[in-house]
Amino acid sequence: MKILVSNDDGVYAPGIAALAEALSENHQVTVVGPDRNCSGASNSLTLDRPVRVTMTPNGYYSVNGTPTDCVHLAITGMLDFEPDIVMSGINEGSNMGDDVIYSGTVAAATEGRYLGYPAMAFSLMGPNFDYYDTAAKVARKLLAHVQKHPIAPDTILNVNIPDVPIHQINGYKITRLGYRHRAEPAIPTKDPRGRTVYWVGPAGTEEDAGPGTDFHAVRNSFVSITPLQIDLTRYSAMDELNEWIEKI
Ligand code: MN
């Protein structure tokens, strides 16, 4: 297969090399990633300036843009071939629950999906990141499985992997996104001139993290696979809102 690999941690991150090298054994892999860490970039595109592409010493395309730029440009004009699938990651840190809205890792997969290709996003649970090789083996296995047993074409697979040796993985679970408490407060500090600046605070703790969720699966040493869709419409509110708008 021809595989387009991207990420949001940047082309020099260990996770993208682990993914690309694992897939290269049996496939033709092209890596197009951002030239720096873009975690939290979500689905942003660079529209206010041109984007430049350079090659890294190991043959990866390095783009001074966002993860979405990488996949968008790769598919819409930069590369002279069409990939069979877009694979994103392996992210340094899980992307579960509300994280997927902010994630550049998931966004790179989403962009592949938008442009018509199957897509998967891979994230390794923190905090130590000792077992990228476990995540890479999982990615290779899921790719082989999807080749043999294709899934619905409009589905993005969001895969989170526990940071343990492969023999300690208990199996695979299809999960739904959990839910976090609201984010921790912003952290104020001073710049060198004494003015107040802020760090965005950490994500909230897990709120909805019971059986069936991504949080629960990974905490119990299962690989979590959550199917994602792009349509954010809240269908369950439509009937009520149709009545509500009648009264305007
Ligand atoms: Mn990241």
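Going by the structure above, here's the rest.
None of the values given here were measured: they were computed from a predicted structure.

**Points about the overall build of the chain**
Helices and strands together make up the secondary structure of the chain, namely seven helices and 13 strands. Here the C-alpha radius of gyration of the chain, 19 Å, is about what a compact globule of 248 residues would show, namely 18 Å. Counting across all 248 residues of the chain, residues that qualify as buried make up 48%. In the chain, once contacts between residues fewer than 6 apart in sequence are set aside, the share between residues at least 24 apart is 75%. A distance of 3 Å separates the average location of the 19 positive side-chain charges in the chain from that of its 29 negative side-chain charges.

**What to know about a nonpolar patch on the surface**
Taken together, the side chains of L241, W244, I245 and I248 present a nonpolar region at the surface, about 490 Å² in accessible area. By secondary structure assignment, the location of I248 is in the segment after α7 (238-246).

**Re the coordination of the manganese ion**
Looking at the manganese ion, the protein donor atoms are D8 (OD), D9 (OD), S39 (OG) and N91 (OD1), and they sit 2.1 to 2.2 Å from it. Written as a sequence motif, the donor arrangement for the manganese ion is D-D-x29-S-x51-N. In this pair, S39 is assigned in the loop between β2 (28-34) and β3 (53-55) and N91 in strand β5 (residues 85-92), connecting sequence segments 52 residues apart. Residue classification places S39 among the partly exposed positions, given a relative accessible area of 44%.

**Quick look at the sheet that holds β2**
Strand order in the open sheet formed by nine strands is β3-β4-β2-β1-β5-β6-β7-β13-β8, and the pairing between neighbours is mixed. Each of the sheet's edge strands pairs with one partner strand only, and the pair in question is β3 and β8 (171-174). Taking the axes of each pair of neighbouring strands and ignoring which way they run, one obtains an average angle of 25° across the sheet. Relative to strand β13 (residues 222-228), strand β7 (residues 156-161) is paired through five bridges, and the arrangement is antiparallel. Bridge pairing links I156 to L228 in β13. Running at roughly 170° to strand β6 (residues 119-124), helix α4 (residues 104-114) makes contact with β1 (2-6), β5, β6, β7 and β13 of the sheet. Taken strand by strand, helix α5 (residues 132-148) contacts β1, β5, β6, β7, β8 and β13, and its axis lies near 160° from that of β5.

**Quick word on the pairing of strand β10 (residues 187-190)**
Bridging between β10 and strand β11 (residues 196-199) involves four bridges; their strand directions are antiparallel. Bridging across to β11, I187 finds its partner in W199.

**Considerations on the nonpolar core**
Core analysis: the biggest nonpolar cluster contains 33 residues, and M87, I90, M120, F122, V159 and I161 have the highest contact counts within it. Of all the secondary structure elements, the ones that give two or more residues to this core are β1, α1 (14-24), β5, β6, α5, β7 and β13. Among the elements that take part in this core, α5 stands out by supplying eight residues, more than any other. I161 has contacts with F122, S123, L124, M125, T134, A135, V138, I169 and V223, leaving out every residue within four places of it along the chain.

**A word on the side chain of N158**
With respect to the secondary-structure elements, N158 resides in strand β7. Dropping the residues within four chain positions of it, N158 is found in contact with N95, V100, V106, A121, L177, S224, I225, T226 and L228.

**A closer look at a negative patch on the surface**
Among the surface-exposed residues, D239, E240, E243 and E246 lie close enough to one another that they form a single negatively charged patch. Here E246 shows up in helix α7. Relative accessible area serves as the criterion here: at 65%, E246 is assigned to the exposed category.

**Topic: the pattern of salt bridges**
Enumeration according to the criterion identifies seven salt bridges in this entry. E25 serves as the salt-bridge partner of R140, at 3.0 Å between the closest nitrogen and oxygen. Taken together, the positions of R140 in helix α5 and E25 in the loop between α1 and β2 put the pair 115 residues apart, joining distant regions of the chain. What makes R140 partly exposed here is its relative accessible area of 28%. Overall, E25 belongs to the exposed group, its relative accessible area being 56%.

**So, unusual backbone geometry**
Residue I90 follows G89 across a cis peptide bond; omega there is -5°. Residue position: I90 is located in strand β5. In this model, G126 is joined to P127 through a cis peptide bond whose omega is 0°. Locating P127 in the fold gives a position in the loop between β6 and α5.

Rules of the game
- Residues numbered from 1 in each chain as written.
- Predicted model: local features only at pLDDT ≥ 70, side-chain atom pairs only at ≥ 80, totals over all residues.
- Heavy atoms only, no water.
- Helix = DSSP H or I, 4+ residues; strand = E, 2+ residues; numbered from the N terminus.
- Rg over C-alpha atoms; globule rule 2.2 N^0.38 Å.
- Buried < 20%, exposed > 50% of the residue type's maximum accessible area, 1.4 Å probe, protein only.
- Contact = heavy atoms within 4.5 Å.
- Lys, Arg positive; Asp, Glu negative; His and termini not counted.
- Charge placed at Lys NZ, Arg CZ, Asp CG, Glu CD.
- Patch = residues over 30% accessible without salt bridge, like charges linked within 9 Å, V, L, I, M, F, W, Y side chains within 5 Å.
- Areas by Shrake-Rupley, 256 points an atom, 1.4 Å probe, with all protein chains shown as cover.
- Salt bridge = Lys/Arg side-chain N within 4 Å of Asp/Glu carboxyl O.
- Donors = N, O, S within 2.8 Å, 3.2 Å for Na, K, Ca; no water.
- Pairing = 2+ DSSP bridges.
- Axes fitted to C-alpha atoms, helices over the stretch in contact; angles between N-to-C directions.
- Core = buried A, V, L, I, M, F, W, Y, C linked by side-chain atoms within 4.5 Å.

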